[in-house]
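Single-letter residue listing:
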Amino acid sequence: AMPRAIPVPVLPQIPLFTHMAQAPAPEPKAQAPVVCCWLRNDLRLHDNPVLAKAMDLVAQRQFRAVLPVYFLDPRGLGVTAWGSPKTGAFRAQFLVESVLDLKRNLRGVRSDL
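Quick summary incoming for the structure in this document. (Residues numbered from 1 in each chain as written. Predicted model: local features only at pLDDT ≥ 70, side-chain atom pairs only at ≥ 80, totals over all residues. Heavy atoms only, no water.)

**Concerning the nonpolar core**
To keep things clear, this is the line we draw: Nonpolar cores were defined as sets of buried Ala, Val, Leu, Ile, Met, Phe, Trp, Tyr and Cys residues, with membership established by side-chain atoms within 4.5 Å. Each residue gets one of three labels from its accessible area relative to the maximum for its type: buried under 20%, exposed over 50%, partly exposed in between, using a 1.4 Å probe on protein chains only. Numbering of helices and strands runs from the N terminus, with a helix taken as a DSSP run of H or I at least four residues long and a strand as a DSSP run of E at least two residues long. The contact criterion used is simple: two residues touch if any of their non-hydrogen atoms lie within 4.5 Å.
Residues V35, C37, L39, L43, L51, V66 and L102 are the most contacted members of the largest nonpolar core, which totals 17 residues. Of all the secondary structure elements, the ones that give two or more residues to this core are strand 2 (34-39), helix 1 (49-59), strand 3 (65-70) and helix 2 (89-108). In terms of residue count, helix 1 provides more of this core than any other element does, 5 residues in total. Residues in contact with L43, not counting those within four places in the same chain, are Y70, L95, S98, V99 and L102.

Next up, the structure:
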């Protein structure tokens, strides 16, 4: 089952990113909610089903913006009970490069992390 996008309340004091829809659409009402996409493992923009659904919802004017969010979980970077690293150097480097690539790709569609 595909995770569903969950609307969050609009907080005017927090800057929000512009929508990622491909075609320009009329501006939604100012009170339209923002869809927050919590990204965990699928850090690619071009084939991410959650981001694609969120962009569709913005294009349909059900939401006014997409807010992509990524949290680096420090528990995955710690040491096991046996003293070995939970994440090796190559995996950690891949994770950093993936997050930076996602950030660059999001900026290419007028968004950001």
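**Things to note about the side chain of D112**
We count it as follows: Polar contact criterion, stated in full: a pair of N or O atoms within 3.5 Å, where within protein one must be able to donate a hydrogen and the other to accept it, and residues adjacent in sequence count only if both atoms are side-chain atoms.
As for its placement among the helices and strands, D112 is situated in the segment after helix 2. Accessibility expressed as a relative area gives 13% for D112, which makes it buried. In terms of polar contacts, D112 uses its side chain to reach the side chain of K103, at 2.7 Å. Polar contacts involving the side chain of D112 include one to the side chain of R107, which spans 3.0 Å.

**Digging into the pattern of salt bridges**
Pairs can form between side chains of opposite charge once their charged atoms are near each other. Our working rule: Salt bridge, as applied in this entry: a Lys or Arg side-chain nitrogen positioned within 4 Å of an Asp or Glu carboxyl oxygen.
Under the counting rule described, the total for this entry stands at 5 salt bridges. We note a salt bridge from K103 to D112, for which the minimum N-O separation is 2.7 Å. A salt bridge links D112 to R107, with the nearest nitrogen and oxygen atoms 3.0 Å apart. Where salt bridges share partners, they join K103, R107 and D112 into one cluster.

**Here we look at the packing of aromatic side chains**
Selection criterion: For Phe, Tyr and Trp, rings pair up if their centres lie within 6.5 Å, where Trp contributes its six-membered ring, and each pair is then called stacked (planes under 30 degrees apart), edge-to-face (over 60) or tilted (otherwise). Consider the ring centre and the ring normal. A charge sits over the ring if Lys NZ or Arg CZ is within 6 Å of that centre and within 35 degrees of that normal.
With the rule as written, the count across this model stands at 1 aromatic pair. With a centroid separation of 6.1 Å and an interplanar angle of 90°, the aromatic rings of W38 and F71 are classed as edge-to-face. Of this pair, W38 sits in strand 2 while F71 sits in the loop between strand 3 and helix 2, and the two are 33 residues apart along the sequence. There is no split in this pair, since W38 and F71 are both exposed. The positively charged end of R40 is found above the aromatic ring belonging to W38, 5.9 Å away from the centroid.

**Comments concerning unusual backbone geometry**
Even without glycine at this site, R61 takes up a positive phi of about 65°. Position of R61 among the secondary structure elements: in the loop between helix 1 and strand 3. Of the residues examined, R61 reaches a relative accessible area of 38% and is grouped as partly exposed. Phi at R110 is positive, roughly 65°, even though this residue is not glycine. Position of R110 relative to the elements: it lies in the segment after helix 2. The exposure class assigned to R110 is exposed, which follows from its relative accessible area of 53%.

Function cannot be inferred from these measures alone, as they are strictly geometric.
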